[in-house]
Amino acid sequence: MAVMHAAFDPFYGEAWSAAQLGATLAMPGCWGRMALIGGAAAGFTLCRAAGPEVELLLIAVNTQQRRQGIGQRLLLRAQEDALARKASLLFLEVREDNHAARRLYERAGFLQVGRRPDYYSVKDGSRRAAITMRSDLEKMSG
Ligand SMILES: CC(C)(COP(=O)(O)OP(=O)(O)OC[C@H]1O[C@@H](n2cnc3c(N)ncnc32)[C@H](O)[C@@H]1OP(=O)(O)O)[C@@H](O)C(=O)NCCC(=O)NCCS
């Protein structure tokens with residue numbers, strides 16, 4: 001939760017509460033991964049499996065520890081976890097103007113497969129589109 005609070009800009013209201021996180025982690029087919037540096041949490045992911053598909057629900061890295069490859073490694077691990085669970089596709093939704101995350105996903109081989117207008121509401125009352133992206137895990141595993 002420390003990373004959750006540090007990583008997400010409150011303007012977008014994307015951070016989950018401890019109750020939401022706990023409830024999700026308690027559901028079958030959901031799991032999280034933490035990146036630890038010197039024993040302290042630097043980042044995390046949260047995933048949910050549904051049949052042959054896995055959804056990346058959250059990925060976050062502490063602000064002061066960004067651009068060191070932690071997000072990339074967490075994402076690769078999520079792809080590997082999904083493959084290990086025999087999933088063939090990994091999906092995610094990202095705010096259209098979240099350029100850092102979109103670049104991270106594109107570099108990891110995710111392709112845009114959809115756009116959902118007005119999907120997110122932000123603190124000033126405006127709305128932002130979501131971009132749906134997909135990673136084809138079978139291609140990834142060669
Ligand atoms: C998105 C996020 C997880 C990336 O974590 P990170 O550890 O900084 O990412 P990495 O260092 O592994 O970056 C890998 C690549 O992604 C791209 N990237 C990451 N941050 C970027 C930025 N701010 N601007 C442009 N490209 C960026 C780059 O291509 C980068 O490679 P490079 O550093 O060699 O150029 C982090 O910015 C974050 O926590 N953001 C807030 C939470 C969030 O929006 N999560 C996504 C929605 S749940």
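Residues numbered from 1 in each chain as written. Predicted model: local features only at pLDDT ≥ 70, side-chain atom pairs only at ≥ 80, totals over all residues. Heavy atoms only, no water.

S.K.: Help me out: how do you make sense of the packing of aromatic side chains in this one?
M.R.: How two aromatic rings sit relative to each other is given by the distance of their centres and the angle of their planes. Enumeration according to the criterion identifies three aromatic pairs in this entry. Ring geometry for phenylalanine 11 versus tyrosine 12: centroids 5.1 Å apart, planes at 80 degrees, classification edge-to-face. Taking the relative accessible area as the measure of exposure, phenylalanine 11 reaches 30% and is therefore partly exposed. A centroid spacing of 5.8 Å and a plane angle of 55 degrees characterise the contact between tyrosine 105 and phenylalanine 110, whose relative ring orientation is tilted. Judged by relative accessible area, tyrosine 105 falls into the buried class, the value being 6%. Residue class for phenylalanine 110 comes out buried when judged on its relative accessible area of 3%. (Phe/Tyr/Trp six-rings, centres within 6.5 Å; stacked < 30°, edge-to-face > 60°. Buried < 20%, exposed > 50% of the residue type's maximum accessible area, 1.4 Å probe, protein only.)

S.K.: Would you mind showing me how to read the site of the ligand here?
M.R.: The local shell around the ligand holds 20 residues, among which Ile59, Gly71, Gln72, Asn98 and Arg107 are the closest. At 2.8 Å from a nitrogen atom of the ligand is found a main-chain nitrogen or oxygen belonging to isoleucine 59. Interatomic distance of 2.8 Å between a backbone N/O atom of valine 61 and an oxygen atom of the ligand. Notes on the ligand: free accessible area 920 Å², of which the protein chains cover 79%. Among the cavities detected, the one that contains the ligand is the largest pocket. Elements with a minimum of two residues in the shell around the ligand: strand E3 (53-61), helix H3 (70-84) and helix H4 (99-107). Looking at which element gives the most residues to the shell around the ligand, the answer is H4, with six residues. When its residues are assigned to classes, the shell around the ligand shows eleven nonpolar, five polar and four charged. (Near = heavy atom within 4 Å. Polar contact = N/O pair within 3.5 Å; in protein donor to acceptor, adjacent residues only side chain to side chain. Areas by Shrake-Rupley, 256 points an atom, 1.4 Å probe, with all protein chains shown as cover. 1 Å grid on protein atoms, 1.4 Å probe; cavity = no way out; pocket = protein on both sides within 12 Å on 5 of 7 lines; lining within 4 Å. Sits in = over half its atoms within 2 Å of the grid points. Helix = DSSP H or I, 4+ residues; strand = E, 2+ residues; numbered from the N terminus. Nonpolar A, V, L, I, M, F, W, Y, C, P; charged D, E, K, R; others polar.)

Function-wise, these values are silent; they only describe arrangement.
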